[in-house]
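A structural walkthrough
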Amino acid sequence: MIAFDNSFARLPDRMFTRQAPTPVTQPRMLAHNDALAHQLGIDPAWLASPEAAQVLAGNAIPDGAEPLAQLYAGHQFGNWNPQLGDGRAILLGEVVGTDGQRRDVQLKGAGPTPYSRSGDGRAWLGPVLREYLVSEAMAAMGIPTTRALAAVATGESVIRETRLPGAVLTRIAASHIRVGSFQVHAARQDTDALRALADHVIARHYPDADGIPGLLDAVVAAQARLIARWMGVGFIHGVMNTDNMAISGETIDYGPCAFMDAYDPQKVFSSIDRQGRYAYANQPGIALWNLAQFATALIPLMPDQDAAIADFTTRINHFPDLYQAAWLHVFGAKIGLTDPQPDDADLIQRLLTLMAQNGADFTQTFASLATSDLQDRFADREAFASWTADWHRRRSSDHAAIMAGANPQIIPRNHRVEQMIAAAVDGDMAPFDALLDAVTAPYAPLDAARADLAAPPTSAEIVTATFCGT
Ligand code: AMP
Ligand code: MG
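From a predicted model like this one, the values you see are computed outputs, not experimental measurements. In every chain, residue numbers begin from 1 and rise along the written sequence. Lettering of chains starts at A and numbering of ligands starts at 1, both following the order in which they are written. Local features in this predicted model are restricted to residues of pLDDT 70 or higher, and side-chain atom pairs are both shown and tallied only at a pLDDT of 80 or more, whereas totals for entire chains, interfaces and linings draw on every residue. The basis for every side-chain value is the complete set of heavy atoms in the structure, and neither hydrogens nor water enter the calculation.

1. Focus: the overall build of the protein chain
Heads up, the condition is: By definition, any uninterrupted DSSP run of H or I lasting at least four residues is a helix, any uninterrupted run of E lasting at least two residues is a strand, and each is numbered from the N terminus. Using C-alpha atoms as the atom set, the radius of gyration is obtained and then compared with a globule rule of 2.2 Å times the number of residues to the power 0.38. To measure how exposed things are, a 1.4 Å probe is used in the Shrake-Rupley method; for residues, cover is taken only from the protein chains shown. In summary, the charge assignment counts Lys and Arg as positive and Asp and Glu as negative, without counting His or the chain termini. To locate a charge, take atom NZ for lysine, CZ for arginine, CG for aspartate or CD for glutamate.
A count of helices and strands for the protein chain gives 17 helices and 12 strands. For a compact globule of 470 residues, the expected C-alpha radius of gyration is about 23 Å, and the protein chain comes in at 22 Å, within 12% of that figure. Once the C-alpha set of the protein chain is aligned to its principal axes, its extents read approximately 65 × 60 × 40 Å. Of the accessible surface of the protein chain, which amounts to about 18,400 Å², a share of 51% is contributed by carbon and sulfur atoms. Across the protein chain, the mean location of the 35 positive side-chain charges is 3 Å away from that of the 51 negative side-chain charges.

Below, the structure written as structure tokens:
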């Protein structure tokens, strides 16, 4: 049972299309998230029932659900696309959790919608399990993200380069409203829809925001914090299109995302990102570009548009300072500083430069910095020793505790994710379960089994490219 309370479905109906999921032949529960169910006020016993597998595969519409596909547009790799929308995702409705928070319950891979264009509306097992695992790892690290409530196998094949097993992900989000959700109405000069959406978003996500300018400020600040958190764990989203940037400030739409092994600021994994637009180091700049598109979409809501252009420009230009402050906070904690100061940016940057020159593993370097002598891993031992001496002078007395809470021991390494997917395709969910257990306790000390999953790939295991989750 899910107690729905749908507010998006009451917005003007040109913002979405009512659309039921398309049933599948043989739903089978692959994974379900009992802790999250609790938080949402959903009975974990129900989640384990055959009825839940039917509902979360889209075969049965639960009472109170008002299934719909949301309309949005977006800039994809910088190019304007006037109409995207949920092509394979269906919002069942919203629930208000035991914490009083309203969240969307969405089925991703639940069949075609009017926004599917040439797509089949389906997802295959690989990206469904990758999103489940990576989003839960992000949540365990305290990084704002959509969550995974369940993954259900459909019993049907989807055709990609080859036939692959189909699956549906139940995704939970503060909302699925994106920068592109605003852009579509701005482009259509539909100011009434734009206003209704802005009012909805302010009430739902930023109740303290002072009007439209306040909304813009809040979203700019949330994104600055979010991207700094991504950078702090070596996360590369891979497809930072404006339709994949959530207004709530949660990480959304995990496609060809990946965590870096060896530190390389120019790292790109996504096979579709040929220009490296969404490389690791470009993410803050891209976030700012996306926020400028958001600001542009809000302009029609302002009485004096010329004044608003000047004012909004000032507001989005706060992003670099907000981001830098958030970055300093995140990376300061990673090297054990209680109260990092602007001067400390240089100390952090020196370490990152050494790491890049030596291809040092991002996660392992920070995770073992306080407890191991890493000098042998750096070709320029002198430079590392000199950095270490400066660091020892600067770090807080309780640095070890700060660092233990700021540096994950384990992240979802790409080679482990790929191995997990290959096993799941063969019907073996054990690697998924083991990896999920490991990455959802990211700060716990490593025992033998976890150490294996935490280790960087051997040269034969390195994954060089990830493929879009379609
Ligand atoms: P993404 O790059 O996954 O964020 O998706 C971009 C757009 O393509 C969104 O409008 C998706 O709904 C749509 N899309 C992606 N995969 C499919 C699919 N298999 N069938 C229909 N639409 C899809
Ligand atoms: Mg998307």
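After that view, the rundown keeps rolling.
2. Brief notes about the domain arrangement of the protein chain
To keep it simple, the criterion reads: Per the annotation, domain bounds derive from an automatic or database assignment of domains.
Splitting the protein chain by domain gives domain 1 (8–173) and domain 2 (327–360 + 370–404). Placing the centre of domain 1 and that of domain 2 at their C-alpha centroids yields a distance of 41 Å.

3. Digging into the environment of valine 105
Basically, it comes down to this: Should any heavy atoms of two residues lie within 4.5 Å, those residues are considered in contact.
Summarising the element assignment, valine 105 is placed in strand β7 (residues 102–108). Once the C-alpha coordinates of valine 105 and isoleucine 212 are considered, the two residues, 107 residues apart in sequence, prove to be 27 Å apart. Excluding residues within four positions of it along the chain, valine 105 makes contact with Phe4, Ile90, Leu91, Leu92, Gly93, Val95, Thr170, Arg171 and Ile172.

4. Observations regarding the site of ligand 1
Short version of the rule: The criterion for a residue being near a molecule or strand is simple. One of its heavy atoms has to lie within 4 Å of it. Whenever a nitrogen or oxygen atom comes within 3.5 Å of another N or O atom, the pair is scored as a polar contact, on the condition that within protein one atom can donate a hydrogen and the other can accept it, and that pairs from neighbouring residues in sequence are kept only if both atoms are in side chains. Polar here means any residue outside two lists: the nonpolar Ala, Val, Leu, Ile, Met, Phe, Trp, Tyr, Cys and Pro, and the charged Asp, Glu, Lys and Arg; Gly therefore counts as polar.
Surrounding ligand 1, one finds 16 residues, the nearest of these being Gly85, Gly87, Arg117, Gly121 and Asn244. At 3.0 Å from an oxygen atom of ligand 1 is found a side-chain nitrogen or oxygen belonging to asparagine 244. Within the contact set of ligand 1, an oxygen atom lies 3.4 Å away from a side-chain nitrogen or oxygen of aspartate 253. Considering ligand 1 on its own, with 490 Å² of exposed area, one finds that the protein chains cover 85% of that surface. Of the residues assigned to the shell around ligand 1, the class counts are two nonpolar, seven polar and seven charged.

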